[in-house]
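Architecture at a glance
The primary structure of each chain is shown beneath.
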Amino acid sequence: MGLFDRISRVVKANLNDLVNKAEDPEKILEQSVTDMQEDLVQLRQAVASAIATQKRTQTQYNQAESQSNQWQQRAQLALQKGDETLAREALVRKKSHAETAATLKASLDQQSAQVESLKRNLIGLESKISEAKTKKDMLKARISAAKAQEQLNNSIGSMNTGSSMAAFDRMEEKVLQIEARAGASAELAAGGSNLEEQFRLLESGGDVDDELAQMKAQLTGGSVSQGQLPAAGKTAAARSSDSSPVIDAELEELRSELNKM
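Rules used throughout
- Residues numbered from 1 in each chain as written.
- Predicted model: local features only at pLDDT ≥ 70, side-chain atom pairs only at ≥ 80, totals over all residues.
- Heavy atoms only, no water.
- Core = buried A, V, L, I, M, F, W, Y, C linked by side-chain atoms within 4.5 Å.
- Buried < 20%, exposed > 50% of the residue type's maximum accessible area, 1.4 Å probe, protein only.
- Helix = DSSP H or I, 4+ residues; strand = E, 2+ residues; numbered from the N terminus.
- Contact = heavy atoms within 4.5 Å.
- Salt bridge = Lys/Arg side-chain N within 4 Å of Asp/Glu carboxyl O.
- Expected span 1.5 Å × (residues − 1).
- pLDDT = per-residue confidence, 0-100.
- Phe/Tyr/Trp six-rings, centres within 6.5 Å; stacked < 30°, edge-to-face > 60°.
- Lys NZ or Arg CZ within 6 Å of the ring centre and 35° of its normal.

**Some remarks on the nonpolar core**
- Of all hydrophobic cores here, the largest spans nine residues; its members are L40, L43, V47, A50, V115, L118, L122, L125 and I129.
- Every element with two or more residues in this core is listed here: helix 2 (25–80) and helix 3 (84–158).
- No other element matches helix 3, which puts five residues into this core.
- Other than its neighbours up to four places away in sequence, L43 contacts L118, N121, L122 and L125.

Following this line, the structure appears as structure tokens:
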């Protein structure tokens, strides 16, 4: 491969790359439709010109045909009058116009075919332009949607979602810790209240035991460490408790009531 070919290929590659980068799909679509419309204008002008030429040729053909017929009639008239020379001259003129008419007829047929072809091409181009406009609008809508999607993807990609989710996880862990501490505090508070209640019950139970001990002391005539009962409590019934079944029954009833508490 020669040096010139290599340089040419490099230049073409770079130019193609620049053109590809410079191409804007929306602008290219608009320009394509504009070019097609310009072609449509030129085609319409060509059709109009062909039709005008066809009409002019048609007029010339009609004139040549008419003159040919006219010289035919003149030749017949001269022959009827017995002037063969004049009749011959008329036939020469008739032949000339007839040949002209034949030539014009061939050209007219060719022009008619050309006009019909141009008309079909015109209709086809108009249809293609209409289709191109519709497709252009659809492609532009797809381009806009694709650009919006690309921008959205770039925005999402630029967001530090990993860090944000990690922050949410940390906050969730802290909330769980706070809830756990709150639950533990509630249990401790409940435990303290139960402990206080237990001691209160024990203390209230001790008072009953002390009172029972005092009552026993009264019944037996002894004493207890918590102090003596009032003197008014010493009755004749107490002094005779060792031998009274009634007092024993009362004592058993008190014990039964204490056990139920």
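Right, picking up where we left off after that structure.
**Comments concerning the pattern of salt bridges**
- Scanning the entire structure with this criterion turns up five salt bridges.
- For E126, the salt bridge goes to R44, with nearest N and O atoms at 3.0 Å. Of this pair, E126 sits in helix 3 while R44 sits in helix 2, and the two are 82 residues apart along the sequence.
- With a closest N to O distance of 2.9 Å, D109 and K105 form a salt bridge. One end of the pair, D109, and the other, K105, are both in helix 3, four residues apart, so they sit about a helical turn from each other.
- Here D109 falls in the partly exposed class, since its relative accessible area comes to 41%.

**Concerning the side chain of K136**
- Structurally, K136 is set in helix 3.
- Ignoring anything within four residues of it in the chain, the contact list for K136 reads L29, E30 and V33.

**Re helix 2**
- Taking 1.5 Å as the rise per residue, helix 2 with 56 residues should run 82 Å; its terminal C-alpha atoms sit 82 Å apart, in good agreement.
- Count one or two residues on from helix 2 and you reach G82, which has phi positive near 85°.

**Details of the side chain of S68**
- Structurally, S68 can be placed in helix 2.
- Here S68 falls in the buried class, since its relative accessible area comes to 5%.
- Contact partners of S68, with chain neighbours within four places excluded, come to K94, H97 and A98.

**Topic: the confidence of the model for the chain**
- Per-residue confidence for the chain averages 77 on the pLDDT scale, and 72% of its residues sit at or above 70.
- Per-element mean pLDDT across the chain ranges from 43 in helix 5 (residues 236–239) up to 90 in helix 2.
- Below pLDDT 50 for its whole length, residues 223–243 participates in 19 contacts with residues either more than four positions away or in separate chains.

**Considerations on the packing of aromatic side chains**
- In total, this model carries zero aromatic pairs according to the counting rule given.
- Across from the ring centre of W71, 4.5 Å away, lies the NZ or CZ of R74, which sits over that ring.

**Examining the environment of E89**
- Inspection of the secondary structure puts E89 in helix 3.
- What makes E89 partly exposed here is its relative accessible area of 41%.
- C-alpha separation for the pair E89 and A75, spaced 14 residues apart in sequence, amounts to 7.6 Å.

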